Amino acid sequence: MSESSPPSPPGDRDCNRSDTERTGSRRVRLDVPKMDCPSCAAKVTTSVEKVAGIEKIETRPTSGTLDVRYDADRTDPDAIADRAEAAGYEVTGTDGEAGATSAASKADEERSSVWGSSRAIKTWISAVFLGFGVLFEFFLSGGNAVLLRIPGGELLIGDALMLVAVAIAGQVILRNGYYSARNLSLDIDFLMSAAILGATGISLFFVGASLYIEAASLAVLFNVAELLERYSVTRARNSVEELMELSPDRAVARRDGEEIEIPVGDVEIGEVVLVEPGEKIPMDGAVVEGESAVNQAPITGESVPVDKTPGEEVYAGTINEQGYLEIEVTSEASDNTLSRVIEMVEEAQSSKTDREQFVERFAGYYTPVVVVFAVLTTVVPPLFLGGAWVTWFVRGITLLVLACPCAFVISTPVSVVSGITSAAKNGVLIKGGDHLESMGEVEAVAFDKTGTLTKGELAVTDVIALNDNTEADVLRCARGLEERSEHPIGDAIVERADERDVGKREIDGFESITGKGVRADLDGRAHYAGKPGLFEDLGFDLDHVHLTTDGGVVLDETERQCADGEEANCLDLLEETIPRLQEEGKTIVLVGTAEELEGVIAIADEVRPDARAAVSGLREAGLRTVMLTGDNEGTASAIAEAVGVDDYRAELLPDEKVAAIDDLLDEFDTVAMVGDGINDTPAMATASVGIAMGAAGTDTAIETADIALMADDLSKLPYFYDLSNRANGVIRQNIWGSLGAKALLAIGVPFGYVSVVLAVLAGDVGMTVLVTGNAIRLSRISPDRSEKTERA
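Residues numbered from 1 in each chain as written. Predicted model: local features only at pLDDT ≥ 70, side-chain atom pairs only at ≥ 80, totals over all residues. Heavy atoms only, no water.

**Quick word on the sheet that holds strand E19 (residues 507-513)**
Stated precisely, the cut-off is as follows: In this scheme, strands are said to pair when DSSP sees at least two bridges between them. Put simply, DSSP marks the helices as runs of H or I at least four residues long and the strands as runs of E at least two long, and each gets a number from the N terminus on. For helices, the axis comes from a line fit to the C-alpha atoms of the stretch in contact; other axes are also lines fit to C-alpha atoms, and the angle between any two N-to-C directions lies between 0 and 180 degrees. We call two residues contacting when some pair of their heavy atoms lies within 4.5 Å.
Taken together, the 6 strands give an open sheet; going across it, the order is E18-E25-E24-E21-E20-E19, and neighbouring strands pair in antiparallel fashion. The open sheet terminates on both sides in strands that have one partner only, identified here as strand E18 (454-465) and E19. Sheet twist, expressed as the average angle between the axes of neighbouring strands with direction ignored, equals 20°. Both strand E21 (residues 525-530) and strand E24 (residues 587-593) contribute to a ladder of 4 bridges, which runs antiparallel. In the strand pairing of E24, Tyr528 is matched with Gly592. Relative to E18, helix H16 (residues 488-500) is tilted by about 65°, and along the sheet it contacts E18, E24 and strand E25 (597-607).

**Brief notes about the pairing of strand E17 (residues 444-448)**
Just so we agree on the cut-off: Throughout, exposure labels follow a simple rule: accessible area from a 1.4 Å probe, protein chains only, divided by the maximum for the residue type, with under 20% read as buried, over 50% as exposed, and the rest as partly exposed.
Within E17, 5 of the 5 residues are buried, which leaves the element mostly enclosed by the surrounding structure. With burial as the criterion, each face of E17 is covered, one bearing Ala444, Ala446 and Asp448 and the other bearing Val445 and Phe447. Here 5 bridges tie E17 to strand E26 (residues 624-628), and the two strands are oriented parallel to one another. Residue pairing in the sheet places Phe447 in a bridge with Met627 of E26. Strand direction decides the pairing type here: E17 and strand E28 (residues 671-675), joined by 4 bridges, are parallel. Considered in E28, the bridge of Val445 is made with Ala672.

**Observations concerning helix H6 (residues 188-205)**
Note the cut-off: Here a helix's expected span is defined as the number of its residues, less one, multiplied by 1.5 Å.
Over its 18 residues, H6 runs 25 Å from end to end, which matches the ideal 26 Å to within 8%, given 1.5 Å per residue. Turning to H6, its buried residues number three or more, namely Ile188, Asp189, Leu191, Met192, Ser193, Ala195, Ile196, Gly198, Ala199, Thr200, Ile202 and Ser203.

Such coordinate-based values are descriptive only and should not be taken to indicate function.
This is how it looks when you write it as structure tokens:
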């Protein structure tokens, strides 16, 4: 549908023959910027398929690229590019070699070139001639003199002006129509060429048939429609170009003691790059020197900058907000997180959804049927009903205009592109348009617990100081006992002690008591830390311990009287406190000596701060929420209550999680599974939609999940469901709106209610602009807007 360019000589094209060793299957990506519609892609595919050795072809009209897998022993990139150009579309480069300029400037140039292209200039010039022709035809009829006589009668000045308009505006249409005929493609270019040639030929060679204004209007308006569609598609392409622009083209690296600026493609793994405040980080890597807050929103969608210190990971495309950083590169530019995101987005855009496949199948029947209807409309009334040949010929041409389902076919892909790129900008990576559609139809969401609803890292939640000890005393002793332990519980206690800066004690004689706890001498005195059973073995009465009253208590404990009813601040650890904490999903560690119980520490996998809000948002949207976990009943119940899910299932093995998903699928048509992409991968694969957490630094999650949340941010789930739901609505609006408009116009044609001009303006130009504009609305949806909508 877009303007095609004549094939360029092989030497003018940047298609290198690097296949000196021709063995096996290879892949090449061709930049074909003017292939911007499904019919264009079909022509290119048909042409390239004729090359021997082609294994697979993927056309991406929304990005203007062609991916081809081929047998390197039988063909090469130049031969493939030649066949693509044989379809009428210029190949500007291969594998991104043409994109030496920045992506954003390239997109800006492409948008401006739409209106400054030769096609646009010819269209404006032809519109002027059409305007003067109409002026002579209807307003200056007295001056509309005869120029010469032709087989069809007299050629007036107005007619001649409109012929000039046809000649100027029709060049590119007829050239594209020629390539369509050459590739046996019954598309809009072929149909418009037939209509224009038919109207012009009848006017010139048949007496009484003056269809100059129809031919000129068709040529001018169709060009305008094509320019508008090209501009709209370019806007959609720009959303991906913006992702590509996130990463800088150059980096400052330290080599041989000197700081030099080089292209990011030349930076090697292990090199150190330097990033000043306010600059974008050019490569994935780890901080080796400096501290700063880094804005990771371009990759993870996080709204608050993240503090980075030596040893922490950073991503290409993120922004160094404050301090100076030196970063050791851990991946090449072509394999960093941002590059993988862009590649996934492009692949997702090329995958066809079920609706898109239905539309294409329907279009395969729609066009031939309407063409047959157009032929019958042209022939039957004059032959059998005494109608005027000219009148019915014009109506046949009008139906040919409506025969191409351009707006109908493009309605789904532009919506999918807009939705996928909007999600990517907000830290949600969608692996395909079908997953976008599926998420919008989800009725239930299952969550893994560890690492998803919880942080997946143990942390101290409560410290109960006993027998006149303070919290600091308890933590100081616990730290000394656990510092040499390799258990995650010990790590959590040491981390809390470090946070509170409680100091250290001299440690000696450390030993592990298998299955119960640890023992060590602290400042020369034996101390113990472990399960309640360890202290029962030491002879303690855990039914009767004294709670510290002068500080150190972080658990909201109620006072109770001892059995005699006189002593206050007495705890029954064994029957009340410990069971209560365990019911909350916490692990209990007692700390003390052989003579005194000093305190109780509770450790748990903390619930994510945004988990409850995310679950609440999904429930408000009408979705059923379920938690699946391998933890015990008590822990599962506590976490389920804390986050507010509708239901939970505990003590599940990985295969039992799969069975639980199957049960949900029996109850609900579409189910999503949210996990961390590790031990819950089978359940995610079984669900209708698999969603992985924290994928920015995890290759496995990006590869295995249908959808990946680039940060550990559950708050993106309600936004993503809202986006997907709206995307489905937009797709339905576009499909049925464009199809309905075409049907109404087609029905009105035989009755004379629809002219050629109206068919082009309403059926082609108008619908193309409407479906594209409607789709672009999806790019405005953000997590903030989704939250406001839900609250409203």
